[in-house]
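# Remarks on the overall topology
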Amino acid sequence: MVCVSRIPRRDEASFAEVLGAHPDFPRLIAIKIDVQRRGLHYTRRAMAAVDPARHQIYMWEGVAYPHSMLLRDGTTILAYPQPRDRNPYDVDFIDGAFVLIDAGQVVETVELWPKPLYYDKKTSSGLPMKEVVSARPQRLDIFASSFCHFAHVDDQGCQFCPLPHHHSQLREAYDLPTRLKPEDVKECIAEALKEPGRFTNIHITGGSVIKGREMLDAELDYYIKLLRAIGEVFATPRFPSQLLASPFSEKQLIRLREETGLGSYTSNIEVLDEQRFNWICPGKAHHIGYREWKDRLVRAVDIFGRGNVNTGIVGGVETAAPHGFPSEAEALRATLDEAEDLAQKGVTTVHTVWAPQKGSKFSELKSPSLDYFIRLASGLQEIRARHGLSVDFDDYRRCGNHPDSDLARLQ
């Protein structure tokens, strides 16, 4: 069922040509990257085969889509629906199986994420549990707050980010509060954990809140309350968890470590270049600054330990027109040099694949080539291996969104 050749897009090399230039790169991870950067289009036949009783679905632009897919080796593909003029992969249903199709040819069979048992339940306050705590195959996701100061107050949100647009639609559709109550989250976590062996980590994130006696104190206080409520579900002082939050100061990080059972800390710098960071993330640049963000990540290592501090970048956005790097070679070199600097100081870097989304200011731009993303994923994993850094809390099972951490399981 696997095609051996593919029709290339007019403006770039074919999949086979790119993979031929990287013979040691795993084919399934290359497919994952290509699907993530180009997006998906579900055929009517595929949509008709989706079973809400068995499959995990979510709302995107008012339509209920399958949340995501798994390849036959367990690799996760997290990709958004895209219009046909973006040349997305098709997802079809043929001979009783979901398949990926490119240029009319079947590329791979895929499985849709299975729906967790708790998805059909509601909290005591009446909220749908699936909208309070969502799930990946082995991780529980808590999008604790849809408010981001940079986007909603200063109008200086990250230019690639569609989440304020998407979350506002979601909150309105389900009448959800802007900020989740810790009691609702705790109740959902307790219910989810009744499914034995399914979930291995809890991921918590939300928008930046700069208010407080010290900047970010209000955000920190909320996360401490939330983490302590979740901690009541566990018998041990610490539980497998990742907080993706703003870059807290050393004093704030000590509070976070000492007052909660948090296991790992992530703060996404988004772009590993100061000039492009200032343009792409104006709110982050104004309130924190690129160099201070990096310094705070490094200081977090002393508190949480090597291998427990992470930053994420939106891979490829550094090439965005008109102020991005003029060539992919320059962008790759600059990004990997900065990732190397962070790794030397104990901070891991993972990347997502930038695919311009509706609702973001970069929605009409184009992501870089498949070749670029293969080189970026390989480079980040090589840096991590060279410095003996793990990415256990953000790996292919617990997250599944990072091609570079997919590579970590192979080395």
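Note that the structure is a prediction, hence the values are computed from the model and not measured. (Residues numbered from 1 in each chain as written. Predicted model: local features only at pLDDT ≥ 70, side-chain atom pairs only at ≥ 80, totals over all residues. Heavy atoms only, no water.)

Moving on, we come to empty space enclosed by the protein. Using the criterion set out here, one finds one cavity of 30 Å³ or more in the structure. One number sums up the size of the largest cavity: a volume of about 50 Å³. Around the largest cavity, the lining residues are A339, A343, V347, T348, T349, L380, I383, R384 and L389. Secondary-structure elements contributing two or more residues to the lining of the largest cavity are α13 (328-344), β15 (348-353) and α14 (370-386). Sort the elements by how many residues they give to the lining of the largest cavity and α14 lands first, with three residues. Of the residues contributing to the lining of the largest cavity, the split by class is six nonpolar, two polar and one charged. (1 Å grid on protein atoms, 1.4 Å probe; cavity = no way out; pocket = protein on both sides within 12 Å on 5 of 7 lines; lining within 4 Å. Points joined across faces, edges and corners; volume = space filled by probe spheres on them. Helix = DSSP H or I, 4+ residues; strand = E, 2+ residues; numbered from the N terminus. Nonpolar A, V, L, I, M, F, W, Y, C, P; charged D, E, K, R; others polar.)

Attention shifts here to the confidence of the model for the chain. Per-chain confidence: the chain averages 93 in pLDDT, with 94% of residues scoring 70 or above. Low confidence marks residues 1-9, where pLDDT is under 50. Its contacts with residues over four positions away, or in another chain, come to 28 contacts. (pLDDT = per-residue confidence, 0-100. Contact = heavy atoms within 4.5 Å.)

Turning next to helix α8 (residues 217-231). The terminal C-alpha atoms of α8, which comprises 15 residues, lie 21 Å apart, in line with the 21 Å expected from a rise of 1.5 Å per residue. Counting buried positions along α8 yields eleven of 15 residues, so the element is predominantly enclosed. When we look at burial in α8, the residues that qualify are D217, E219, L220, Y222, Y223, I224, L226, L227, A229, I230 and G231. (Expected span 1.5 Å × (residues − 1). Buried < 20%, exposed > 50% of the residue type's maximum accessible area, 1.4 Å probe, protein only.)

We now examine the packing of aromatic side chains. Inspection of every chain in the model, using the stated rule, returns 13 aromatic pairs. Centroid distance Y118 to F199: 6.4 Å. Interplanar angle 65°. Geometry classified as edge-to-face. Placement of the pair is Y118 in the loop between β8 (105-112) and α4 (129-132) and F199 in the loop between α7 (182-192) and β11 (201-206), with a sequence separation of 81 residues. For the pair Y118 and F199, a shared accessibility class is recorded, and that class is buried. (Phe/Tyr/Trp six-rings, centres within 6.5 Å; stacked < 30°, edge-to-face > 60°.)

Burial within strand β14 (residues 309-315) is extensive, with seven of its seven residues counted as buried. For strand β13 (residues 264-266) and β14, the ladder comprises two bridges, and the chain directions are parallel. By the bridge assignment for β14, Y265 is matched with V309. Taken together, β14, α13 and β15 constitute a β-α-β crossover, and its handedness is right-handed. (Pairing = 2+ DSSP bridges. Right-handed = clockwise from strand over helix to strand, strands pointing away.)

On to the side chain of T311, then. You can see T311 is positioned in strand β14. Here T311 is in contact with T266, S267, N268, I269, L297, L342, V347, T348, T349 and V350, once residues within four sequence places are set aside.

Taken together, the seven strands give an open sheet; going across it, the order is β9-β10-β11-β12-β13-β14-β15, and neighbouring strands pair in mixed fashion. Lying at the two open borders of the sheet, with one neighbouring strand each, are β9 (134-136) and β15. Across the sheet, the axes of successive neighbouring strands diverge by a mean angle of 25°, strand direction being ignored. The pairing of strand β10 (residues 139-145) with β11 spans six bridges and is parallel. Counted as the bridge partner of D141 is H203 from β11. Sheet contacts for α8: β10, β11 and β12 (241-244); angle to β11, the most-contacted strand, approximately 160°. (Axes fitted to C-alpha atoms, helices over the stretch in contact; angles between N-to-C directions.)

An order of β1-β6-β7-β8-β4-β5 is seen for the six strands of this open sheet, with the pairing classed as mixed. Strands with a single pairing partner mark the edges of an open sheet, and in this sheet they are β1 (40-42) and β5 (76-77). Looking at chain direction, β1 and strand β6 (residues 89-94) are connected through three bridges and run parallel. Bridge pairing in β6 places L40 opposite Y89.

We now examine the nonpolar core. Core analysis: the biggest nonpolar cluster contains 111 residues, and L100, I142, I204, F248 and L256 have the highest contact counts within it. For this core, the element with the highest residue contribution is α14, accounting for eight residues. Apart from residues no more than four positions distant in its own chain, F248 is found in contact with L216, E219, L220, Y223, L243, L253, L256, Y265 and R296. (Core = buried A, V, L, I, M, F, W, Y, C linked by side-chain atoms within 4.5 Å.)

Another aspect to go through is the side chain of T348. Considering the arrangement of structural elements, one finds T348 in strand β15. Sequence-distant contacts of T348, that is, excluding residues within four places in its chain, are made with V309, N310, T311, R384, L389, S390 and F393.

What follows concerns the pattern of salt bridges. Per the counting criterion, the structure on display carries 33 salt bridges. The salt bridge partner of D51 is R54, with a shortest N-O separation of 3.3 Å. Overall, the relative accessible area of 26% leaves D51 in the partly exposed class. Between R84 and D90 there is a salt bridge, and its shortest N-O distance comes to 3.4 Å. Residues joined by salt bridges that share partners form a network here, namely E12, D34, R37, R38 and D102. (Salt bridge = Lys/Arg side-chain N within 4 Å of Asp/Glu carboxyl O.)

Below, the discussion takes up the packing of helix α12 (residues 290-304) against α13. Two numbers describe a pair of packed helices, the interaxial angle and the distance between the axes. Between α12 and α13, the least distance of the axes is 10 Å, while the angle of their chain directions is 35°. Here the hand of the crossing between α12 and α13 comes out right-handed. Between α12, through Y290, K294 and V298, and α13, the contact on the second element is made entirely by E338, D341 and L342. Taken together, the residues that form the contact of α12 with α13 break down as three nonpolar, no polar and three charged. (Left-handed = near helix turned anticlockwise from the far one by under 90°.)

Attention shifts here to the environment of A408. By the element assignment, A408 lies in helix α15 (residues 403-408). Along the backbone, A408 and L380 are 28 residues apart, and their C-alpha atoms lie at a distance of 9.8 Å. Dropping the residues within four chain positions of it, A408 is found in contact with Q381 and V391.

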